[in-house]
Amino acid sequence: MLRLGVLGSGSGSNMQAILDAIREGRLDAEIVLVLSDNPDAFILQRARDADLPTALIDCRGFAQKFPTAAQQETAAALQAAGAEIICLAGFMRLVKRPLLDAFPRRILNIPPSLLPAYPGLHAWEQAVADGATESGCTVHLVDDGMDTGPIIAQARVPLLPTDTPATLHARIQIEEHRLYPEAIKMVAQT
Ligand code: GAR
């Protein structure tokens, strides 16, 4: 059975979607460790409710940086848990070496945009502000750039004339929750 590690900073709805796919038999996997850089993140509560092992990533007081020592500790914790594929699920720090080197081509991310359009933060807000006609989400392999790694799968979401950033993001998240488990399966088969 595929062993997954999950990193998240926020609500953890994508982790929940992966967990639901496992429970419903759509994904033959188990989540072996959930890590967060934010002690108050709801993803940790969701994980505890599901009896999943959790741990905090100590980013040494940096608000945005993912310090090298913290990346080394994260890689060690994931390796000790036997994780084979790492899913970034709303994880808000840029992953670099040495974490990348510990799991080459095995770290996935799900930004809320049709990459290469709108890499980085708050992509749905930019799509609405620009009057874009469509948006969506992308699952890609993480490399050392900002949302630049090879694309595994995408889902398109049309923008409606009445969309606000919040309504668009909500519809993108519905697609994220469907797409992420499918993309994990695709990567596991390669
Ligand atoms: C998701 O919409 C995801 O696309 C986005 O954060 C949200 C996390 O939601 N990720 C990024 O912006 C990555 N740069 P969740 O915590 O409920 O899964």
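All of these numbers come straight from a predicted model, not from anything done at the bench. Along each chain, residues carry numbers from 1 onward, in the same order as the chain's sequence is written. Only residues with pLDDT of at least 70 get local features here, since the model is predicted, and only at 80 or more are side-chain atom pairs given and counted; chain-wide, interface and lining totals rely on the full set of residues. Values shown for side chains rest on all heavy atoms present in the structure; no hydrogens or waters enter the calculation.

Enquirer: Teacher, can you tell me more about the site of the ligand here?
Expert: Definition of nearness: a residue and a molecule or strand are near each other if at least one heavy atom of the residue lies within 4 Å of the molecule or strand. Taken together, the neighbourhood of the ligand is formed by 13 residues, with Gly-12, Ser-13, Ile-110, His-169 and Glu-176 sitting nearest. Polar contact criterion, stated in full: a pair of N or O atoms within 3.5 Å, where within protein one must be able to donate a hydrogen and the other to accept it, and residues adjacent in sequence count only if both atoms are side-chain atoms. Contacts to the ligand include Gly-12, whose backbone N or O atom sits 2.8 Å from an oxygen atom. Contact distances for the ligand include 2.8 Å between an oxygen atom and a side-chain N or O atom of His-169. In this description, accessible areas are obtained by the Shrake-Rupley approach with a 1.4 Å probe, and a residue is regarded as covered only by the protein chains that are shown. Relative to its free-state accessible area of 450 Å², the ligand is covered by the protein chains to the extent of 92%. The way it works is that DSSP assigns letters per residue, a run of H or I at least four long becomes a helix, a run of E at least two long becomes a strand, and they are numbered from the N terminus. Mapped onto the shell around the ligand, the elements with two or more residues apiece are α1 (13-23) and α6 (165-188). Per-element accounting of the shell around the ligand gives the leading share, three residues, to α6. Taken together, the residues of the shell around the ligand sort by class into four nonpolar, eight polar and one charged. Any residue that is not Ala, Val, Leu, Ile, Met, Phe, Trp, Tyr, Cys, Pro, Asp, Glu, Lys or Arg is counted as polar, Gly included; the first ten are nonpolar and the last four charged.

Enquirer: What am I meant to see in the environment of Ala-55 here?
Expert: As for its position among the elements, Ala-55 is in strand β3 (residues 54-56). The exposure class assigned to Ala-55 is partly exposed, which follows from its relative accessible area of 27%. If we ignore the near neighbours within four places in the chain, the residues touching Ala-55 are Leu-33, Val-34, Leu-35, Ser-36 and Leu-44. Buried means the residue's accessible area, taken with a 1.4 Å probe over protein chains only, is under 20% of the maximum for its type, while exposed means over 50%, and partly exposed covers the values in between. In what follows, a contact means two residues having at least one pair of non-hydrogen atoms within 4.5 Å.

Enquirer: Hey, could you run me through the sheet that holds strand β5 (residues 107-109) in this one?
Expert: Sheet strands pair by backbone hydrogen bonding; their relative direction is either parallel or antiparallel. Between any two strands, pairing holds if DSSP finds at least two bridges. Taken together, seven strands build an open sheet; the order of strands is β3-β2-β1-β4-β5-β6-β7 and the sheet is mixed. The two strands at the open ends of the sheet, each matched to only one other strand, are β3 and β7 (151-158). Strand-to-strand twist across the sheet, computed as the mean angle between neighbouring axes with direction ignored, equals 20°. As a rule, the C-alpha atoms of each element are fitted with a line to give its axis, helices using only the stretch in contact, and angles between N-to-C directions run from 0 to 180 degrees. Sheet strands touched by α1: β1 (2-8), β2 (29-36) and β4 (85-88). Its angle to β2, the strand with the most contacts, is close to 165°.

Enquirer: What exactly am I supposed to notice about the packing of aromatic side chains here?
Expert: Aromatic ring pairs are reported here in terms of the distance separating the ring centres and the angle at which the planes meet. Each Phe, Tyr or Trp ring, with Trp reduced to its six-membered ring, pairs with another whose centre is within 6.5 Å; inter-plane angles below 30 degrees give stacked pairs, above 60 give edge-to-face pairs, and intermediate values give tilted ones. Per the counting criterion, the structure on display carries one aromatic pair. Here the aromatic rings of Phe-66 and Phe-91 are separated by 5.4 Å at their centres, their planes lie at 65°, and the arrangement is edge-to-face. Of this pair, Phe-66 sits in the loop between β3 and α3 (68-80) while Phe-91 sits in the loop between β4 and α4 (99-102), and the two are 25 residues apart along the sequence. Here Phe-66 matches Phe-91 in class, with each residue buried. The ring of Phe-62 carries the charged tip of Lys-65 above its face, separated from the ring centre by 4.5 Å. By the criterion adopted, a ring carries a charge over it if an Arg CZ or a Lys NZ lies within 6 Å of its centre and within 35 degrees of its normal.

Enquirer: Got a minute to help me understand the nonpolar core in this structure?
Expert: General note: in soluble globular proteins, nonpolar side chains tend to be found buried as a group. If you look at the biggest cluster of nonpolar residues, it comprises 39 residues, and the most contacted ones within it are Leu-4, Ile-18, Ile-31, Tyr-180 and Ile-184. Looking at which element gives the most residues to this core, the answer is α6, with seven residues. In this structure, Ile-31 is in contact with Leu-4, Val-6, Met-15, Ile-18, Leu-19, Ile-22, Leu-52 and Pro-53, ignoring residues within four places of it in sequence. We define a nonpolar core as any set of buried Ala, Val, Leu, Ile, Met, Phe, Trp, Tyr and Cys residues linked to one another through side-chain atoms lying within 4.5 Å.

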